[in-house]
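Coordinates in review
Now for the letters of each chain:
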Amino acid sequence: MNVLITGTSQGIGRAIAERFLREGHTVFGIDRQAAAIVHGNYRHDQMDVRDYDALPELPNVDILINNAGTQNEDDIDVNLKALMHVTEKYGVREGIRAILHIGSASGHTGSEFPEYCASKGGVVAYTKNVAMRVAPFGATCNSLDPGGVLTPLNQCVIEDEGLWAQIMDETPLKRWATPEEIADWAYFLTVTNRFCTGQSIIVDGGESINRRFVWKD
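First, a word on scope: everything that follows refers to the structure included in this document. What you see is a predicted model; the values in this text were computed from it and never measured.

**Some points on the overall build of the chain**
Per the secondary structure count, the chain includes seven helices and seven strands. Listed N to C, the secondary structure of the chain is β-α-β-β-β-α-β-α-α-β-α-α-α-β in terms of helices and strands. In summary, the chain has a C-alpha radius of gyration of 17 Å against a globular reference of 17 Å for 217 residues, a match within 12%. Along the longest, intermediate and shortest principal axes, the C-alpha atoms of the chain span 65 × 35 × 35 Å. Counting over 217 residues, the chain shows a buried share of 49%. Expressed as a percentage of contacts within the chain between residues at least 6 apart in sequence, the contacts between residues at least 24 apart total 67%. Of the charged side chains in the chain, 19 are positive and 29 negative; the average position of the first set lies 6 Å away from that of the second.

**Some remarks on the sheet that holds strand β3 (residues 42-46)**
One key point about sheets: their strands pair by backbone hydrogen bonds, in either a parallel or an antiparallel sense. Taken together, the seven strands give an open sheet; going across it, the order is β3-β2-β1-β4-β5-β6-β7, and neighbouring strands pair in parallel fashion. Looking along the sheet, the strands with just one partner apiece sit at the ends: β3 and β7 (200-203). Ignoring strand direction, the axes of neighbouring strands in this sheet form an average angle of 15°. With respect to the sheet, helix α4 (residues 114-134) is in contact with β5 (98-102), β6 (140-146) and β7, its orientation differing from that of β6 by roughly 160°. Along the sheet, helix α7 (residues 179-192) contacts β4 (63-66), β5, β6 and β7; its crossing angle with β6, the most-contacted strand, is approximately 165°.

**Quick notes on empty space enclosed by the protein**
Here the structure, examined in full by the defined rule, presents one cavity of 30 Å³ or more. When its volume is computed, the largest cavity comes out at roughly 40 Å³. Lining of the largest cavity is provided by T6, V49, N66, A68, V78, A82, L83 and V86. It is helix α2 (residues 75-91) that contributes the most residues to the lining of the largest cavity, four residues altogether.

**Quick look at the layout of surface pockets**
If a probe as big as a water molecule is rolled over the atoms, it shows which places are left empty. What the largest pocket holds in volume is close to 1,400 Å³. Together, 50 residues line the largest pocket, and Q71, E112, Y116, L153 and N154 are the ones closest to its centre. Split into classes, the residues belonging to the lining of the largest pocket amount to 19 nonpolar, 21 polar and 10 charged. In this structure, the second largest pocket spans a volume of roughly 160 Å³. Lining of the second largest pocket is provided by G148, L173, R175, W176, A177, E181, I182, D184, W185, V203, D204 and G205. Ranked by the residues each element gives to the lining of the second largest pocket, the list is headed by α7, at four residues.

**Side note on the side chain of T8**
Looking at the element boundaries, T8 is found in the loop between β1 (2-6) and α1 (11-22). A distance of 2.7 Å separates the side chain of T8 from the side chain of Y42, its partner in a polar contact. Aside from chain neighbours lying at most four places away, what touches T8 is G13, R14, A17, G29, I30, D31, I37, Y42 and H44.

**Structural notes on the pattern of salt bridges**
On inspection of all chains with the given rule, the structure shows 10 salt bridges. K89 is the salt-bridge partner of E57, the closest N and O atoms lying 3.0 Å from each other. With E57 in the loop between β3 and β4 and K89 in helix α2, this residue pair connects regions lying 32 residues apart in the sequence. Residue class for K89 comes out partly exposed when judged on its relative accessible area of 34%. Each member of the salt-bridge network shares a partner with another, and the members are R19, E23 and D184.

Thresholds, definitions, all that
- Numbering of residues starts from 1 in each chain and follows the order in which that chain's sequence is written.
- Note on the predicted model: pLDDT of at least 70 is required for a residue's local features to be given, and 80 or more for side-chain atom pairs to be given and counted; whole-chain, interface and lining totals, by contrast, use all residues.
- Derived side-chain values reflect all non-hydrogen atoms in the structure, with water molecules and hydrogen atoms excluded from consideration.
- Elements are defined by DSSP. Helices are runs of H or I of four residues or more, strands are runs of E of two residues or more, and each kind is numbered from the N terminus.
- Every radius of gyration here is taken over C-alpha atoms, with the globule rule written as 2.2 Å times N^0.38, N being the number of residues.
- The buried label goes to any residue with under 20% of its type's maximum accessible area, the exposed label to any with over 50%, and the partly exposed label to all in between, with areas taken from a 1.4 Å probe on protein chains only.
- Residues count as neighbours in contact if any of their non-hydrogen atoms are within 4.5 Å of one another.
- The charged-residue count follows a simple rule in which Lys and Arg add positive charge and Asp and Glu add negative charge, with His and chain termini not counted at all.
- Throughout, a charge is located at the NZ atom of Lys, the CZ atom of Arg, the CG atom of Asp or the CD atom of Glu.
- Pairs of strands are assigned from DSSP output, requiring at least two bridges between the strands.
- In this analysis an axis means a line fitted to C-alpha atoms, helices contributing only their contacting stretch, and an angle means the value between N-to-C directions, from 0 to 180 degrees.
- A pocket, in this scheme, is an open set of points on a 1 Å grid over the protein atoms alone with protein on both sides within 12 Å along at least 5 of 7 lines, while a cavity is a set where a 1.4 Å probe fits but cannot get out; residues line either one if an atom lies within 4 Å of a point.
- Grid points are joined across faces, edges and corners, and a volume is the space filled by probe spheres set on the points.
- Gly is placed with the polar residues, together with every amino acid not listed as nonpolar (Ala, Val, Leu, Ile, Met, Phe, Trp, Tyr, Cys and Pro) or charged (Asp, Glu, Lys and Arg).
- Pairs of N or O atoms within 3.5 Å make up the polar contacts considered here, provided that, within protein, one atom can donate a hydrogen while the other can accept it, and that residues adjacent in sequence are counted only when both atoms are side-chain atoms.
- The working definition used for a salt bridge is a side-chain nitrogen of Lys or Arg within 4 Å of a carboxyl oxygen of Asp or Glu.

Listed below in structure tokens is the structure:
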């Protein structure tokens, strides 16, 4: 199948692309950074997903995975608006098999920076909207919403012993996910799964369900 993945130069996006390549699929990657994958079935377009006029013309996309994201003043434009534009261009059409948005557990809990939470919360709602519109094609649309993941972008807290101890104290499974684990989920939701749609799957080691009750001994 033809698989389009945004944000493939590192972290989760790269792991997802490599998983699909191992399974024999053709992968088209879009990222502002240069390609980090060299493979005969991989094509890389180095560009900003907000540059709508420059988005490449591709063969019919069977699976679309929106992974490109940021955590700065451009959160709404990149994490939500560009995701919507890419989806409308490549995903909402007859012939699509599956669409997956990489969201965040923060879109459910609100426990991060305001613009970031708002952008990811918007992804949750938009996922349901797209799921309804692609259902007549027999296609699914879900979002995969991780908590902490061991990526280069998170090194600043991973390497801070004090902050890391606090984070682990709030995470029931006492670890973060690897990018490869998230890639496994992405593959399942877009290839194996044919019936779950319109859902936002939280994969966060239990952090979002941790509600501490503090009382006197």
